[in-house]
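# Chains, contacts and geometry: an overview
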Amino acid sequence: MYCTRNVSDSVVWVGASDRRLALFENLFPIPRGVSYNSYLILDEKTALLDTTDASVTRQYLENVSHSLNGKPLDYLIINHMEPDHCANIAELLLRYPHLTLVGNAKTFAFVSQFYDLDLTGRTLTVKEGDTLCLGSHTLHFFLAPMVHWPEVMVTYEETEQILFSADAFGSFGALNGHLFADEVNFDRDWLDDARRYYCNIVGKYGIQVQAALKKLSALSIRTICPLHGPVWRENLKYLLSKYDLWSRYVPEDNAVAIFYASMYGDTENAANILAAGLAEGGIKNIALYDVSVTDVSVLIAEAFRCSHLVFAAPTYNNGVYPAMYNFLHDMGALSLQNRTIGLIGNGTWGPVSAKQMQQLFSEMKQMNVLEPVVTIKSSVKEDSLAALCALKDRILASCTR
Ligand code: FEO
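Residues numbered from 1 in each chain as written. Predicted model: local features only at pLDDT ≥ 70, side-chain atom pairs only at ≥ 80, totals over all residues. Heavy atoms only, no water.

What follows is about the overall build of the chain. On a plain count of helices and strands, the chain comes out with 13 helices and 23 strands. Relative to its full complement of 401 residues, the chain shows a buried share of 57%. Put simply, 72% of the contacts in the chain that link residues at least 6 apart link residues at least 24 apart. When the accessible surface of the chain is totalled, it reaches about 17,000 Å², and 51% of it is carbon and sulfur. With 32 positive and 43 negative side-chain charges, the chain shows a separation of 4 Å between the mean positions of the two kinds. (Helix = DSSP H or I, 4+ residues; strand = E, 2+ residues; numbered from the N terminus. Buried < 20%, exposed > 50% of the residue type's maximum accessible area, 1.4 Å probe, protein only. Contact = heavy atoms within 4.5 Å. Areas by Shrake-Rupley, 256 points an atom, 1.4 Å probe, with all protein chains shown as cover. Lys, Arg positive; Asp, Glu negative; His and termini not counted. Charge placed at Lys NZ, Arg CZ, Asp CG, Glu CD.)

To continue, consider helix H7 (residues 206–216). Side chains three or four residues apart in an α-helix point the same way, a direct result of the helix having 3.6 residues per turn. Turning to H7, its buried residues number three or more, namely Gly206, Val209, Ala212, Leu213 and Leu216. Buried residues of H7 fall within an arc of 120° about the axis and therefore sit on the same side. Of the residues in H7, the exposed ones pointing more than 90 degrees away from the buried face are Ile207 and Lys214. Close packing links the buried residues of H7 with strand E14 (153–157), strand E15 (162–164), helix H6 (191–202) and helix H8 (236–247). (Arc of directions from axis to C-beta.)

Secondary-structure assignment places Leu143 in strand E13 (residues 138–143). Beyond its immediate sequence surroundings of up to four residues, Leu143 is in contact with Asn104, Glu128, Val152, Met153 and Lys215.

Put simply, helix H9 (residues 266–280) and helix H13 (residues 382–398) touch, their axes get as near as 10 Å, and they point 40° apart. As the angle between them shows, H9 and H13 are arranged oblique. In terms of crossing hand, the pair formed by H9 and H13 is right-handed. Contacts from Ala270, Ile273, Leu274, Gly277 and Leu278 of H9 reach H13 at Leu385, Leu388, Leu391, Lys392, Ile395 and Leu396. For the contact of H9 with H13, the residue count by class is nine nonpolar, one polar and one charged. (Axes fitted to C-alpha atoms, helices over the stretch in contact; angles between N-to-C directions. Parallel < 35°, antiparallel > 145°, perpendicular 65-115°, else oblique. Left-handed = near helix turned anticlockwise from the far one by under 90°. Nonpolar A, V, L, I, M, F, W, Y, C, P; charged D, E, K, R; others polar.)

Right, let's get into a nonpolar patch on the surface. A contiguous nonpolar patch, built from Met263, Tyr264 and Tyr316 and spanning about 370 Å² of accessible area, is present on the exposed surface. Position of Tyr316 relative to the elements: it lies in strand E19 (residues 306–316). (Patch = residues over 30% accessible without salt bridge, like charges linked within 9 Å, V, L, I, M, F, W, Y side chains within 5 Å. Salt bridge = Lys/Arg side-chain N within 4 Å of Asp/Glu carboxyl O.)

Turning next to the state of the cysteines. For the structure shown, the criterion picks out zero disulfides. Here Cys3 stays free of any disulfide, with the sulfur of Cys225 as its closest cysteine sulfur at 16 Å. In this structure Cys306 is not part of a disulfide, and its nearest cysteine sulfur, from Cys399, lies 9.2 Å away. (Disulfide = S-S within 2.5 Å.)

In terms of burial, E14 is a largely internal element, five of the five residues being buried. Residues of E14 alternate between two faces, with Met153, Thr155 and Glu157 on one and Val154 and Tyr156 on the opposite face, all of them buried. Pairing between E13 and E14: five bridges, direction antiparallel. Pairing of Phe142 across the sheet is with Val154, part of E14. Pairing of E14 with E15, which is carried by three bridges, proceeds in the antiparallel orientation. Each bridged residue has a counterpart across the sheet, and for Glu157 the counterpart in E15 is Ile162. Between E14 and E15, which pair antiparallel one after the other, the connecting turn spans four residues, and Gln161 there sits at a positive phi close to 55°. (Pairing = 2+ DSSP bridges.)

Take a look at the structure:
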């Protein structure tokens, strides 16, 4: 049976949610599931905006068929060619013989890389600024390369002022009946997953996201329809301001996140001592994570959120403890920058983790590593306690409370 919701009188959400998938992109845990959004515009001509993942095909095709109510499907706009959104192209071509695929030159290069389809006479290639009239609705196409893949474009419908934003402004999390962000407590229940989605999926491409935001600022937008998560029709400034911060790598919160790895509890002890000292010093927003038991996507999202980041790790195989190294490598790959950093290394013999972490941060942009860089030999003793205390004082001096 169909399960749809109206975005407006003539725009229908025909997507579906998956609550069974454990790992999005086979990488990111999604305990709250994920939605694959697709939208149908009903006018003299009909147009679908993207399709869905294969996991929800049965529901999706039923939604499309019901919403068309016997009308032909004229256009499929392919804003993004990643398989979580394009898995049903072949099926739609079979079911709707007059369907024309709309995309840019890169879109169709990717279509042919993924699929073996005879698209003769069934494509419309668009460029930046091109339009497509459906009757009372007119679509405008804008390229948004690397938000999240190079072929990505966004589609703006001028009459209802709807932006179909592809991956931009999306979130992990299944839609549990509510379609609109104003129907849920987004700040309480969704923001963490929206941040985790942005930082891990698109975080590397801050410059390109800024370029897209600049382009979109010229449009009058009433509704944002992303490919994942809730639709936005109120308080768009809230979401836009988050994207502006994230894509400029500006911390959201004056906060200290302490990330530690610990084999026998001694590096954890150092992290706890530092956290307690910061709390005594008046820092309210402190987060403490064991990197061995916290998914790296959560760690990355917290690193994007917080202004001050402390990393405490043992030496392992003459290098940085693997779970911490993986986290730092991910952080560098995602281009995180512009943070104040504290470093604590540990080692029973030949401690090198602090020095090697410092080297990793020297390769990232605008990472201000505070002195002292603390080295512990096996466990915290009076000398390393004094160094920890000095680091705490430097953090307190630089962190607004
Ligand atoms: Fe949700 Fe980049 O695909």
